[in-house]
Amino acid sequence: MTQTTPRILMACSECYPVAKVGGMADVVGALPKYLTRCGVIPSVVMPRYDLPWFYDHEHELIHEGYLQYPHTVHPFRVIRYAPEILGFELIAIDLPGLFDRPSVYLDSNGEGYRDEPLRNISFQRAILQWWNSEPDRYDLLHSHDHMTGLMPFLMRHAYAYKGLSAKSVFFTIHNALHRGRLSWSAMSLLPHFDTWQSGLLEWDDAIDSLASALRCSDKINTVSPGYLEELPATSQGLEWIFQHESHKMIGLLNGVDYEVWDPASDKYLAYHMKKSLEQFKKKNKEALMESFENPDLPLFIFIGRFAHQKGVDVMLRSIHEHLLVRQDANFLILGSGDKDLEYQAQNLAHTHGAHVSALVDYNEELSHIMYAGADFLLMPSRVEPCGLNQMFSMRYGTVPIVHHTGGLKDTVPDISVGGNGISFTSVTTGDIMHAMHRALELYRDQPAMKSLRKKITSINLSWDASAEAYAEEYRLLLSPT
Ligand code: ADP
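The text that follows walks through the structure, step by step, so that each part is easy to find. (Residues numbered from 1 in each chain as written. Predicted model: local features only at pLDDT ≥ 70, side-chain atom pairs only at ≥ 80, totals over all residues. Heavy atoms only, no water.)

Here's the deal with the layout of surface pockets
And then number 1: In this structure, the second largest pocket encloses a volume near 310 Å³.
And then number 2: In this structure, the second largest pocket is lined by 16 residues; those nearest its centre are L177, T234, Q236, Q309 and V383.
And then number 3: Class assignment of the residues belonging to the lining of the second largest pocket gives a composition of six nonpolar, six polar and four charged. (1 Å grid on protein atoms, 1.4 Å probe; cavity = no way out; pocket = protein on both sides within 12 Å on 5 of 7 lines; lining within 4 Å. Points joined across faces, edges and corners; volume = space filled by probe spheres on them. Nonpolar A, V, L, I, M, F, W, Y, C, P; charged D, E, K, R; others polar.)

As structure tokens, then:
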């Protein structure tokens, strides 16, 4: 008989509004709310960071245990936040000394934590140890990215989790550039498992968490169909696995959480959408124009991680070259990450002070005002598994300018074919500058600009359809063959 109300445990490292670094948090904070409307009972399990959200909300201790390592034991606690708080049950794994830090992935120098292997393995082991003590609590594991990528293997082959070995596993790839590769010395951190199966952990002479998840999960999705198409040809050494496991992969496009991203009620906006979209854009733009000499010029924004993946280096060069010739636009850049790119962004603002403002920061509130107040969003990502920024910007009437790749090609067809924004084919200064020229031409044609704005705000970007598709996939996994 088909399991009609599957109970799903989603394991991940970020969840909005609890702890957010990027799009995974948006997804894990929204999808479970929409799943509950599709007859699924989702719970999210994540590490308990040293962040205010965990202390500010009522919680209960539901389990205590310890992890056995060769020369030490590590205690952990399992803490539950009731579904009334977020719209779904949240479980926080408290691992003292490992996750009680204020930042999710990076230390104060912007470097990844050196004890990442111990952190990630401990988190995954603690979840499995606790779940194995009451296996009936959830029917299926839904893991997200490499941080929880060893769980499918451990559920199947570690002796300590026998109660979970028959459970189905669904795995979501938010970003295949990060693989969670560990040297074989990390093997001593893993619980005892059937070593005949150790090949399922390995790829290219290391323990590869993502590669292992791809082989050991029952079903896998990428966060857009476009990204799924690209991975078997361009996945930095995992091509063979993507080709070999393609029979169990699907692309399910991310959505927008309409409760959070609502121009009529967004808690971060001082001016909400009433009757006029143009008025909404104008008022929110005013809030952003303080640092610019000529506030009447079109406003281009960038929001995101300063990483090679995001094409920030080429974008900064393109803006510089554009402004050397024409001072007909303003640029507001918000992001942080790679120190060299942070420096280059600040340098650009210093060189073109009247037209460029660069904020090296992570600022949720400002990002909402920027999506609402800008004319154009630049998104020149070299690789983009889905991308949420372009969807948030469309919801708020900001025209996206995107590289034709991954989820960007699924969500932003070019206006020349009746689409939603401006799309270019290669991440080069030539292509980006050409795209900016097209945007400025569009801006000068105000009737066309207004009609495009109106069109993109009316596109249905909500999670409804994708949540239904996830629910269907869970049901298929749980129905006996
Ligand atoms: P990724 O997950 O690769 O970083 P996505 O486009 O999927 O990219 O999601 C990025 C999310 O992070 C969006 O919600 C975006 O608004 C947010 N974000 C990224 N950088 C910043 C920042 N500096 N300040 C505020 N929000 C940011």
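Once you've had a look at it, read on.
Remarks on unusual backbone geometry
And then number 1: For the peptide bond that leads from Y16 to P17, omega is 5°, which places it in the cis range.
And then number 2: One can find P17 in the loop between β1 (7–11) and α1 (23–36).
And then number 3: You will see that D145, though not glycine, has its phi angle at about 65°, which is positive.
And then number 4: Position of D145 relative to the elements: it lies in the loop between β6 (140–144) and α5 (151–157). (Helix = DSSP H or I, 4+ residues; strand = E, 2+ residues; numbered from the N terminus.)

As for the nonpolar core
And then number 1: Counting residues in hydrophobic clusters, the biggest one holds 77 residues, and the most contacted among them are F54 and L90.
And then number 2: Here L90 is in contact with C15, V18, V44, M46, W53, F54, I79, R80 and Y81, once residues within four sequence places are set aside. (Core = buried A, V, L, I, M, F, W, Y, C linked by side-chain atoms within 4.5 Å. Buried < 20%, exposed > 50% of the residue type's maximum accessible area, 1.4 Å probe, protein only. Contact = heavy atoms within 4.5 Å.)

Quick word on the side chain of D328
And then number 1: Structurally, D328 can be placed in the loop between α10 (312–325) and β13 (330–337).
And then number 2: At 2.8 Å, the side chain of D328 forms a polar contact with the side chain of H322.
And then number 3: Setting aside residues no more than four positions away along its own chain, D328 makes contact with L297, P298, H322 and L440. (Polar contact = N/O pair within 3.5 Å; in protein donor to acceptor, adjacent residues only side chain to side chain.)

Side note on the pairing of strand β12 (residues 299–306)
And then number 1: Burial analysis of β12 places six of its eight residues in the buried class, the great majority of the element.
And then number 2: Pairing of β12 with β13, which is carried by eight bridges, proceeds in the parallel orientation. Its bridge partner lying in β13, I303 is registered against L334.
And then number 3: Note that the unit made of β12, α10 and β13 has a crossover that is right-handed.
And then number 4: Sheet analysis places β12 next to strand β15 (residues 376–379), joined by two bridges and oriented parallel. Note on β15: the bridge partner recorded for I301 is L377. (Pairing = 2+ DSSP bridges. Right-handed = clockwise from strand over helix to strand, strands pointing away.)

Remarks on the sheet that holds strand β3 (residues 60–69)
And then number 1: Within the open sheet, the nine strands sit side by side as β3-β4-β5-β2-β1-β6-β7-β10-β11. Their pairing is mixed. The open sheet is flanked by β3 and β11 (249–251), the only strands paired with a single partner. On average, adjacent strands in this sheet sit at an angle of 20° to one another, irrespective of strand direction.
And then number 2: Packing against the sheet, α1 makes contact with β1, β2 (41–47) and β6, and its axis sits at approximately 155° to β2.
And then number 3: Docked against the sheet, helix α6 (residues 209–216) engages β7 (168–173), β10 (219–222) and β11, running at close to 135° with respect to β7. (Axes fitted to C-alpha atoms, helices over the stretch in contact; angles between N-to-C directions.)

Brief notes about the site of the ligand
And then number 1: Around the ligand, 20 residues are found, and the nearest of them are K20, G23, D26, R305 and Y371.
And then number 2: Contacts to the ligand include K20, whose side-chain N or O atom sits 2.7 Å from an oxygen atom.
And then number 3: K310 places a side-chain nitrogen or oxygen 2.9 Å from an oxygen atom of the ligand.
And then number 4: With the chains in place, 94% of the 570 Å² that the ligand exposes on its own is no longer accessible.
And then number 5: In terms of residue class, the shell around the ligand is made up of six nonpolar, eight polar and six charged. (Near = heavy atom within 4 Å. Areas by Shrake-Rupley, 256 points an atom, 1.4 Å probe, with all protein chains shown as cover.)

What about the environment of D361?
And then number 1: As for its placement among the helices and strands, D361 is situated in the loop between β14 (356–360) and α12 (364–373).
And then number 2: Overall, D361 belongs to the partly exposed group, its relative accessible area being 36%.
And then number 3: Spatially, the C-alpha atoms of D361 and E342 are 9.5 Å apart, while their sequence positions differ by 19 residues.
And then number 4: Setting aside residues up to four positions removed in sequence, D361 forms contacts with L334, G335 and S336.

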